[in-house]
Structures are given as C-alpha cells and as structure tokens.
Amino acid sequence: MDHGDGPKAIFEGAVAWCRARKVLLPGVTTLEKLVAAGRESAEQRLWAQLAGQVPASSAGVLLGLLEVPAGTKQRSSELDRLRKGVFRASSRGMLAALERVGDLAVAGSAGVDVSAVPPRRLLGLAQHGLSGKATGLRRMTREHRLAVLVATVSVLGARAADDVLELFDLLMTTELLSKAERESKDEKLRRYPRVSRNAGRLAEAVRVLLEMVEIDQGIELSIVWDLIEQKVTGTELRSAVAAIEELVPAGDAELDGQRMEELAGRFATVRPFLPRLMRTIVFGATPEGAPVLAAMKTLAEIISAKPGGSGARWLDARRVDHDLIGGVWQRLVYPAGRPEETVDRAAYTFCLLEQFHRHIKHRNIFVESSSKWRDPRAHLLTGTSWEAAREAGLNALGLPVEAAGMLADHATVLDAAYREVASRLDADTPATVDDEGKLHAAALVAVPDPPSLTDLRRRVESMLPRIDLPELVLEVMSWQPGFTEAFTHVSGNPARVADLGLSVAAVLCAHAMNVGFGPVTSPGVEALTRDRLHHVDQSYIRFDTLAAANTALIEAQARIPLARAWGGGLVASVDGLRFVVPVRTIHARPNPKYFGRKRGITWLNMINDQAAGLAAQVLSGTPRDSLHAVDVVLRQQGGTVPETIITDTGSYSDIVFGLLHLLGGQYRPQLANLPDQRLWRINPAADYGPLDKAARGRIDLERITRHWEDMCRIAVSIHTGEVSAHEVTRMISRDGQPTSLGHAVAHFGRIFKSLHVLRLADDEPYRREIKAQAHLTEGRHDLARRIFHGRKGEMTRAYYEGMEDQLSALGLVLNCVVLWNTVYLDRALTELRAQDYPVAEADVARLSPFLRGHIGIDGHYSFYLPDLGGAHRPLRDPDTPDDE
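Sequence positions are assigned chain by chain, starting from 1 and proceeding in written order. pLDDT decides what is reported in this predicted model: residues at 70 or higher carry local features, side-chain atom pairs at 80 or more are listed and counted, and totals for whole chains, interfaces and linings draw on all residues regardless. Calculation of side-chain values draws on the structure's entire complement of heavy atoms; hydrogens and water are dropped beforehand.

Time to look at the overall build of the protein chain. Counting its secondary structure elements, the protein chain contains 35 helices and 18 strands. Residues counted as buried form 52% of the 884 residues belonging to the protein chain. Intrachain contacts of the protein chain at a sequence separation of at least 6 include 76% that bridge at least 24 residues. Methods summary: accessible areas were calculated by the Shrake-Rupley approach with a probe of 1.4 Å, and residue burial reflects only the protein chains presented. Carbon and sulfur atoms provide 52% of the accessible area of the protein chain, an area that totals close to 40600 Å². Runs of H or I in DSSP of at least four residues are treated as helices and runs of E of at least two as strands, each being numbered from the N terminus. For the exposure calls, accessible area comes from a 1.4 Å probe over protein chains only, and a residue counts as buried if that area is under 20% of its type's maximum, exposed if over 50%, partly exposed in between. Note on contacts: a residue pair qualifies if any of its non-hydrogen atoms lie within 4.5 Å across the two residues.

Centre-to-centre distance and the angle between the planes together describe a pair of aromatic rings. Under the pairing criterion, centres of Phe, Tyr and Trp rings, with the six-membered ring standing for Trp, must be within 6.5 Å; the plane angle then separates stacked pairs below 30 degrees from edge-to-face pairs above 60, leaving the rest tilted. In total, this model carries eleven aromatic pairs according to the counting rule given. Look at Phe579 and Phe788: their rings are 5.0 Å apart centre to centre, the planes differ by 70°, and that puts the pair in the edge-to-face class. Of this pair, Phe579 sits in strand β8 (residues 571–581) while Phe788 sits in the loop between α33 (764–787) and α34 (800–834), placing them 209 residues apart in sequence. Note on accessibility: Phe579 and Phe788 belong to one class, buried.

Okay, the layout of surface pockets next. Space inside the second largest pocket adds up to approximately 810 Å³. The pocket and cavity definitions rest on a 1 Å grid over protein atoms only: a 1.4 Å probe that fits but cannot leave marks a cavity, an open set with protein on both sides within 12 Å along at least five of seven lines marks a pocket, and residues lining either have an atom within 4 Å of a point. Looking at the second largest pocket, it is lined by 24 residues, and the ones nearest its centre are Lys771, Ala772, Gln773, His775 and Arg846. In this classification, the charged set is Asp, Glu, Lys and Arg, the nonpolar set is Ala, Val, Leu, Ile, Met, Phe, Trp, Tyr, Cys and Pro, and all remaining amino acids, among them Gly, are polar. Split by residue class, the lining of the second largest pocket holds 13 nonpolar, five polar and six charged. Grid points are joined across faces, edges and corners, and a volume is the space filled by probe spheres set on the points.

A few words now on the confidence of the model for the protein chain. Here the protein chain averages 84 in pLDDT, and 88% of its residues register 70 or above. In predicted models, pLDDT denotes the confidence assigned by the predictor to each residue on a 0 to 100 scale. Confidence, expressed as mean pLDDT per element, reaches its minimum in the protein chain at helix α11 (residues 257–264) with 59 and its maximum at helix α25 (residues 561–566) with 96. Considering only residues more than four positions removed or in separate chains, one finds that residues 183–189, a stretch of pLDDT under 50, has nine contacts. A low-confidence stretch, residues 250–256 stays under pLDDT 50, and its non-local contacts, those more than four residues away or across chains, total nine contacts.

Let's shift gears to empty space enclosed by the protein. Counting across every chain of the model gives two cavities of 30 Å³ or more. Considered as a void within the structure, the largest cavity measures approximately 270 Å³ in volume. Lining the largest cavity are 23 residues, and of these Ala547, Asn550, Leu614, Ala615 and Ala616 lie nearest its centre. If you list the elements that add at least two residues to the lining of the largest cavity, you get α24 (543–558), β10 (599–608), β11 (613–620) and α34. Taken together, the residues of the lining of the largest cavity break down into eleven nonpolar, ten polar and two charged. The computed volume of the second largest cavity comes to approximately 30 Å³. Every residue along the wall of the second largest cavity is listed here: Leu553, Ile554, Gln557, Ala612, Asn815, Val818 and Leu819. Broken down by secondary-structure element, the contributors of at least two residues to the lining of the second largest cavity are α24 and α34. Grouping the amino acids of the lining of the second largest cavity by side-chain chemistry returns five nonpolar, two polar and no charged.

Attention shifts here to the state of the cysteines. Defined by distance alone, a disulfide is two cysteine sulfur atoms within 2.5 Å. Under the criterion given, the structure shown has zero disulfides. Of all cysteine sulfurs, the one in Cys816 lies closest to Cys509, which takes part in no disulfide; the gap is 8.0 Å.

This paragraph deals with the pairing of β8. Counted residue by residue, β8 has ten buried out of eleven residues, so it is predominantly covered. When DSSP locates at least two bridges between a pair of strands, those strands are taken to pair. Here β8 runs beside strand β12 (residues 644–647); their pairing, made up of four bridges, is parallel. In the strand pairing of β12, Val571 is matched with Thr644. Of the strand pairs in this sheet, β8 and β10 are connected by ten bridges, and their pairing is antiparallel. Within β10, the position partnered with Leu577 by the bridge is Trp603.

It is worth spelling out the pairing of β11 at this point. The buried count for β11 comes to seven of eight residues, which makes it a mostly enclosed element. Where β10 meets β11, seven bridges bridge the pair, whose relative direction is antiparallel. Of the residues in β11, the one forming a bridge with Thr602 is Leu619. Turn length for the β10-β11 hairpin, with the two strands adjacent in sequence and antiparallel, is four residues, and the turn residue Ala611 shows positive phi of about 75°.

As for its position among the elements, Leu814 is in helix α34. What makes Leu814 buried here is its relative accessible area of 0%. For the pair Leu814 and Gly613, spaced 201 residues apart in sequence, the C-alpha separation works out to 7.8 Å.

Moving on, we get to helix α30 (residues 708–719). An ideal rise of 1.5 Å per residue puts 16 Å on twelve residues; α30 measures up with 16 Å between its terminal C-alpha atoms. α30 sits mainly inside the fold: nine of its twelve residues count as buried. Those residues of α30 that sit buried are Trp708, Met711, Cys712, Arg713, Ile714, Ala715, Val716, Ser717 and Ile718. The span you would expect from a helix comes to 1.5 Å times its residue count less one.

This next bit is on the pattern of salt bridges. For side chains of opposite charge, pairing can occur when their charged atoms come near one another. Definition used for salt bridges: Asp or Glu carboxyl oxygen within 4 Å of a side-chain nitrogen of Lys or Arg. Under the counting rule described, the total for this entry stands at 40 salt bridges. We note a salt bridge from Asp344 to Arg313, for which the minimum N-O separation is 2.9 Å. With Asp344 in strand β3 (residues 342–344) and Arg313 in the loop between α14 (290–305) and β2 (314–316), this pair connects stretches of sequence that are 31 residues apart. We classify Asp344 as buried; its relative accessible area is 9%. Residue Arg313 is classed as partly exposed on the basis of its relative accessible area of 41%. Here Arg873 and Glu475 are joined by a salt bridge, their closest N and O atoms 2.6 Å apart.

The next subject is the packing of helix α22 (residues 500–513) against α34. Relative orientation of the contacting elements α22 and α34 amounts to 105°, with a least axis distance of 8 Å. If you check the angle between α22 and α34, you find them roughly perpendicular. Contacts from Leu508, His511 and Ala512 in α22 reach Gln806, Ala809, Leu810, Leu812 and Val813 in α34. In terms of residue class, the contact of α22 with α34 is made up of six nonpolar, two polar and no charged. An axis is simply a line fitted to the C-alpha atoms; with a helix, the fit covers only the stretch in contact. Between two such axes, the angle follows the N-to-C directions and lies from 0 to 180 degrees. Roughly parallel means an angle under 35 degrees; roughly antiparallel means over 145; roughly perpendicular covers 65 to 115; every other angle is labelled oblique.

Turning next to α34. Counted at 1.5 Å a residue, the expected span for α34 with its 35 residues is 51 Å, and the 51 Å between its end C-alpha atoms agrees. For α34, a buried count of 29 out of 35 residues is recorded, marking the element as mostly surrounded by other parts of the structure. Following α34 by one or two positions, Asp836 has its phi on the positive side, about 65°.

It is worth spelling out the side chain of His726 at this point. Summarising the element assignment, His726 is placed in helix α31 (residues 725–732). If we skip the residues at most four places from it in the chain, His726 touches Arg363, Leu627, His628 and Asp631.

Okay, unusual backbone geometry next. Notably, Glu341 is not glycine yet its phi reads approximately 60°, a positive angle. If you trace the backbone, Glu341 turns up in the loop between α15 (329–333) and β3. Even without being a glycine, Asn514 presents a positive backbone phi close to 60°. Among the secondary structure elements, Asn514 is positioned in the loop between α22 and α23 (530–539). For Asn514, a relative accessible area of 0% gives the class buried.

Mapping Glu475 onto the fold places it in helix α20 (residues 469–479). A residue is classified by how much of its surface remains accessible, and Glu475, at 0% relative accessible area, is buried. Separated by 389 residues in sequence, Glu475 and Tyr864 have C-alpha atoms that sit 9.9 Å apart. Among all residues touching Glu475, those that are not within four sequence positions of it are Ile467, Trp820, Tyr824, Leu865, Leu868 and Arg873.

So this is what it looks like as structure tokens:
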C-alpha cells in the first residue's frame with residue numbers, strides 16, 4: 001500500500017497472498033473493507049510524514065499559496081500562478097520562467113525530505129494540487145492540505161526547471177541560432193551581386209595570365225599586363241581586390257563567420273536573463289563540460305557587475321577562458337583595434353553560449369533537480385545496485401555475462417549470410433551489384449487486388465452497422481468492464497460518481513475529436529453536464545488510467561480470430577504523426593515542411609500487426625525519431641510485447657540497432673538509398689566475391705568485448721526504467737560523433753544492420769512484410785486525422801501534460817474503433833461463411849480495420865446506448881442499396 005497501488009491491484013495482491021499461504025479467504029466485502037481501511041491508513045501516514053516535517057514558519061508560506069495576494073490586480077491564488085508554465089520565447093519569458101523557479105524554491109525551502117516517498121505516491125498526492133481548485137484545497141484538513149502542497153511544490157519545482165531549460169533550448173535553436181543562420185544567408189545574398197561582379201574581373205585577369213604561361217613560361221610581365229588591361233583595367237582590378245577583401249574576410253572565404261557575426265549582434269536578447277539563469281538554476285557538469293560551466297558562471301558575474309551601454313563593449317581578458325575560443329570565433333572575440341587586454345563581450349558571450357547549449361543537450365552540463373535534463377550517468381545502475389540487478393536483468397534480456405561466445409555465433413551467422421547472398425547474385429534474384437560494388441534491390445511491384453478481395457471488401461463494409469462515434473465508444477466499454485474500471489480517482493479511492501463510464505466516454509470523445517466539451521454536453525443529463533465533465537477530466541483522465549484502459553483493449557483485440565489472421569502481435573512499427581500547434585507554448589518547434597509558418601509537435605506511436613496501438617509519446621517539433629523510438633517501445637504497458645520493430649529511415653541509426661538488440665528486440669528500419677548503405681564485416685580476410693566492395697566496413701569485436709560490461713549495465717538500466725533510451729543515446733553520441741562506449745554499441749548494432757541490409761536486398765517477402773506494416777501505420781494515422789477533426793486538426797493545448805493526455809485519449813478512441821470494426825468484421829465473415837460465400841484466407845488477411853464510412857463523427861453527439869440485450873447490433877444486408 002505504500003507504493004501507491006490502486007484498490008483493485010491491492011485486492012488482487014491480497015487474494016494471491018492468502019492463497020499462497022493457504023489462508024482461508026474472507027468474504028469479498030470484508031476484504032474490500034480491509035483494503036479500503038489499509039489504503040486510508042497509508043494515506044494518513046503519508047500526510048503525517050510530510051506535514052510533520054514542515055516548520056511553523058514554512059507552513060504559513062505553503063498555506064499562503066492558496067490565497068489571492070492582497071493589494072494586487074491578481075485575481076487567482078499564488079498556486080494558480082505557479083502552475084502556469086506558458087512563456088514567450090524571449091528574454092522576458094525567460095525571466096518569468098526563472099522567477100517561477102525562484103518562487104517555488106522559496107515555497108519549498110521548508111527542507112521536507114520527499115526522497116523516501118515513492119515517486120508514484122508523491123505524484124498521486126501532487127495531482128490534487130496540480131489540477132484542483134484552490135477553494136477545494138482549502139476545504140481539506142490542515143495536515144492533508146500541507147502534505148498536498150509539499151508534494152505539489154516538489155513536483156512543480158522539477159517541472160519549472162524543465163520549463164526553463166526547454167525555453168532556453170527553444171531560444172537558442174529558434175530565436176538565436178536559426179535566425180542568425182537565416183539572416184547570414186540573406187546577407188550573403190545581398191553581397192552576392194558585388195562579389196560576383198568583382199570576382200568576374202579577377203577571373204578575367206587570372207585567365208589571361210594562365211593562358212600566357214601555357215603559351216610561353218618566359219614571357220615578359222609587361223606583355224602579360226598589357227594583355228590583361230585589354231580585358232580589365234588596373235584600376236578596376238585594384239577596386240575588385242579591395243571589394244573582395246571587404247566582402248570575404250581573410251580566413252573566412254566561404255562567409256562562415258557571417259552567422260557568428262549575426263549571433264553576436266543579439267547580445268541584448270541574452271543579457272537580461274543570463275546572470276539570473278546562472279544564479280537560479282543549480283547546474284552540474286562532467287569533466288568535459290566543467291570548463292564551460294565555470295566560464296559561464298564567471299561571465300554571469302561580469303555581466304551583472306558591468307553596466308550596459310557602448311562603453312561596456314569590452315571584457316577584461318584576464319577573466320576570460322581563452323582555451324574555449326576557437327575557429328571563426330577568434331576573429332570576432334579578438335577584433336582588430338580593440339583596447340589592450342580586452343575581448344569583445346558579445347562575441348565571447350555567444351562563443352560560450354553555443355558550447356553551453358551543446359553540452360546541455362548532451363548532458364555534459366545538467367540540472368539534477370530536473371526530470372528531463374538531469375545527468376543520466378548518475379542514474380545508471382552502479383555499485384551494489386548493479387550487482388543486485390545484474391543477474392536477473394541479464395537473464396530477462398537474454399544477454400551473456402561474457403560476450404566472446406555470443407559474438408562468435410554472430411560472426412558465423414553474418415559470414416554465412418554474406419556467402420549465401422553472394423552465391424545467388426548471378427541467378428534471377430532481386431539483389432544485384434553494380435560496377436562500383438554497390439548492392440541494389442529490385443523495386444517491389446504492387447500486387448493487384450484480386451476480384452475476390454474487392455468483392456469481399458465491398459460486402460463486409462456494407463454489412464457494418466451505422467453508428468456514431470460516442471455510441472461506438474460506449475458499446476466497446478460495455479464489452480470490456482476493465483476499461484471503465486481503469487479510470488480511478490486521482491486519490492486512488494473508488495469512484496463515487498454515478499454513471500462514471502458515460503462521463504468518461506464523453507471526455508474521451510471530446511479530446512479525441514478535438515471539439516471541446518460543448519458538443520458533448522447535455523444539460524439535462526447529470527453525467528454530461530459541463531461541471532461533471534471538467535471534474536472527470538481533472539480527476540480521472542491521466543496517463544496511467546488511459547494506459548490501463550488501453551491494455552484492456554489490446555488484450556481484447558488479440559483474442560479476435562480476425563486479428564489473429566492479421567498477425568500474432570509480435571511485429572510492431574513506430575512512426576510519427578505531426579500536429580500544428582497554433583497557441584503559444586515552449587513545447588512546439590518550427591518546421592516549414594510540416595507546419596508552414598507555425599510550430600508543431602510529433603506524436604510518435606507504436607502499432608502492432610493486429611492494428612492495436614501499443615504506446616505513444618509526444619515530442620517537440622520534428623526531432624530525429626531515432627532518439628526516441630526505443631523509449632516508445634519500452635512505454636508499452638500491456639499486451640504481447642513485440643519482438644520485431646519496424647520504423648522509417650528517420651528512426652535509423654547504428655546505435656539504435658545496438659540498443660534494441662541489447663534489449664532483446666529485432667530492428668527492421670526501412671532504409672532509403674539502399675546502395676549507399678554501408679555493409680560491415682567481421683572477418684577482414686573473407687572473400688565475399690561481388691560483395692567485397694560493399695562490405696568495406698570492419699566490425700571491431702574487441703571493442704565490443706572491452707565495453708561489454710558497460711553495455712549490459714546500460715541495457716539493464718533502460719530495461720528497469722532507471723534511465724530512458726533517449727538519455728542514453730544523447731550520452732553516448734555527440735553531434736554524430738559517438739563516445740568510446742557509443743562506438744562499441746554502434747559496432748554491435750552493425751552486425752544486425754548488415755544482416756538486415758542483406759535480407760532487404762535478397763528477400764522480397766521480408767521487404768513486403770515491412771511495407772505492409774508501414775502501410776498499416778499510415779492507415780491508422782489517416783483515421784486519426786479524420787477523428788481529430790475539430791479546430792482544423794490543430795493541437796491547442798499549451799502544456800506538455802495536456803498534449804500527452806489529449807493524444808493518449810485519441811489513441812484510446814482509435815483502439816476502440818479498431819476493436820469495434822474488428823468484432824463486426826469478424827461477425828460479417830462468419831455470416832458470409834454460413835451463407836457459403838467463398839471467403840479466402842489470403843483475402844481476409846488484407847482487410848482493413850480502419851474503416852470509417854459507417855461511423856458518424858461530425859455534429860452534436862448523443863451519448864445514448866440502446867438496449868442490445870447483451871447481444872450485438874444486427875448486420876446490414878450487403879445487397880441493399882445505400883441511401884447515401
């Protein structure tokens with residue numbers, strides 16, 4: 001009970017405990033009362049534990065968060081203000097975010113130790129403060145209120161630190177770096193006509209010089225000069241040389257320094273918040289990032305002490321870390337004509353900021369109080385914790401203690417694969433090798449739909465009953481009692497509201513269709529009033545309840561014969577769906593290709609070969625999927641765990657190959673430009689005939705063996721949830737340059753990448769399976785777009801948690817539609833077979849679960865489920881003409 005489990009889980013655990021010890025089971029009602037009493041006792045102990053640590057002086061500060069400040073224009077409580085995390089990507093926005101961190105630090109300065117409280121229980125207690133109204137919190141007992149506020153401030157403190165770093169990253173990438181890059185390009189275009197004109201004059205002179213030297217190397221200079229002046233005068237040449245020197249500075253012939261100049265010109269943007277950032281946020285650093293962090297702290301002190309204005313352009317060179325100034329920055333930091341023993345303040349500031357930002361992204365500089373920007377190295381299993389988890393973790397992942405035997409087996413398999421493909425290259429196979437030694441695969445030819453499949457599709461689609469989406473969700477809920485039971489109150493107590501399922505269905509549909517509560521409210525129905533829907537949304541709809549409900553749907557889908565005809569649930573694909581975010585938020589990023597002039601997010605989700613959505617994650621903008629694909633795979637909380645993961649090219653990297661195979665999965669990305677993919681071999685002396693040139697890479701088994709212990713430690717740490725795969729990927733790769741450990745993981749991944757590329761080229765059914773799963777994902781995304789139709793299909797939530805909850809609701813409703821369609825398609829097939837209609841199994845496997853023509857999605861929604869008498873709706877006659 002101290003771990004925050006709900007009453008259902010505790011009840012089942014109590015039953016299992018009694019059975020294991022052969023204890024006579026009490027009655028259900030008696031056991032339920034015991035569980036309820038035990039949970040209530042555990043809750044009160046937690047309240048007492050947290051509230052008891054709060055000194056009287058700090059208790060006043062915490063309780064004051066629920067009051068509206070007197071003598072101000074503020075109309076909401078301090079807690080309401082601190083819960084808001086929407087800031088502009090500007091200096092003022094950063095200052096507001098830092099002020100929020102400082103205020104939360106003051107509120108949380110009571111010194112209450114929450115480390116002994118399990119994160120799940122702390123978050124559950126904090127949910128009251130994160131989503132509840134101040135008036136409701138004030139009605140709690142003093143002990144309960146203090147405990148809730150302590151938990152809330154603790155959770156908000158980590159989120160506030162996350163917001164500051166997210167905003168800093170947004171400022172650097174979109175407001176500073178990208179704008180400087182864009183303006184430098186504009187400046188290059190403005191310079192281009194002058195550069196082109198003067199370069200043309202110089203080219204004429206050089207061309208004459210080269211021609212004369214080729215004709216006669218002993219020709220007199222005066223003759224050459226006369227010939228040049230016939231083309232370009234000496235005055236024009238001198239003018240051209242001066243212009244080129246001005247427009248293209250020495251050492252920067254490609255104008256690469258223009259971006260730095262534009263960046264340094266934005267010093268006024270960072271000056272207001274940089275000192276406060278370094279004072280407010282407690283940064284840590286690895287040895288690699290420590291010099292940059294120390295230089296940033298010194299710079300913040302200098303900027304704080306030195307007044308602004310034109311006289312403050314220079315910094316004292318004695319307080320500058322000159323070892324950090326390199327490349328083009330040297331010319332800007334040490335400009336000609338500067339006062340002695342000084343450097344340019346703006347240039348030095350951005351020289352450091354670029355490095356500071358890069359080290360933060362790779363976690364060489366980190367914030368331990370943050371949940372997203374912490375140091376992953378500190379959370380890897382180590383010492384006694386690693387020794388305790390090592391054996392069980394390696395067994396769960398199927399990894400050996402010593403790598404030598406396993407690597408020898410992989411070497412044998414890879415060698416055999418090379419020889420097998422090479423032996424068939426002369427035959428009529430999809431794989432070929434060109435004159436440059438590159439491996440090619442013949443394009444897949446689309447398999448035409450046989451007439452039997454076309455007719456079967458028409459018949460089953462016309463047999464599906466017409467239904468509105470809300471009724472569909474209610475019907476699925478009526479089939480799966482576990483679906484409704486999954487939605488527990490944030491406190492963990494059993495539901496005390498009538499018709500909870502109806503309210504939950506309305507909230508899910510409002511979120512999934514992106515229409516808000518207006519179209520789904522019915523003032524005359526208590527369960528569908530706006531107040532009830534808001535209460536259910538705040539108290540029952542959250543990540544863990546949505547995940548538990550989704551588990552019930554995944555398991556139900558796997559039991560349907562038609563779903564088993566589509567696949568065994570062991571293959572899954574991960575791909576992203578993009579959403580424009582038109583509101584102000586720090587959790588969206590620009591990408592003109594997907595979002596036009598606005599910003600957006602990516603909903604990275606996983607679907608198995610039975611068409612069930614397994615897990616998803618919201619990402620800012622359009623980051624490279626390879627950084628997050630493994631995290632989505634590990635987010636699955638129910639159903640059969642897939643063995644094979646398919647992604648698009650954007651999710652591919654050698655490190656992802658290595659991590660997924662360390663975690664027990666098989667990775668099959670779609671690879672664009674197959675001939676350009678590098679193949680890797682283990683035996684450098686092996687003769688693979690026509691594949692010798694393609695297999696030019698060398699896999700270093702010794703490197704893998706040397707790092708095997710750390711590779712296993714990383715895999716087990718990810719598997720047990722101590723760190724995320726995204727954090728590890730960032731940690732072991734730096735701007736495309738892996739660390740020594742990253743190289744070892746990549747070399748391990750190259751074994752499986754090479755096997756995958758060989759099969760892609762040589763095995764057509766293998767490629768078709770990958771394509772089929774990718775098409776399944778596209779079908780689900782197309783249906784998601786149709787359902788998420790309100791507000792032009794744009795995401796209007798500003799908070800990350802709100803985005804994730806809404807898209808999780810969309811994923812849940814998608815699975816409801818898939819389950820409903822699969823059930824009725826299966827019934828239609830059963831009826832057709834009973835009528836002796838020829839149903840080919842090959843055609844059944846190609847039916848789609850994403851049909852939508854029979855589902856009403858637009859309009860005002862009625863949440864009324866007719867009495868079906870425990871049965872299903874009647875199927876329609878496929879031969880009856882459609883009215884529409």
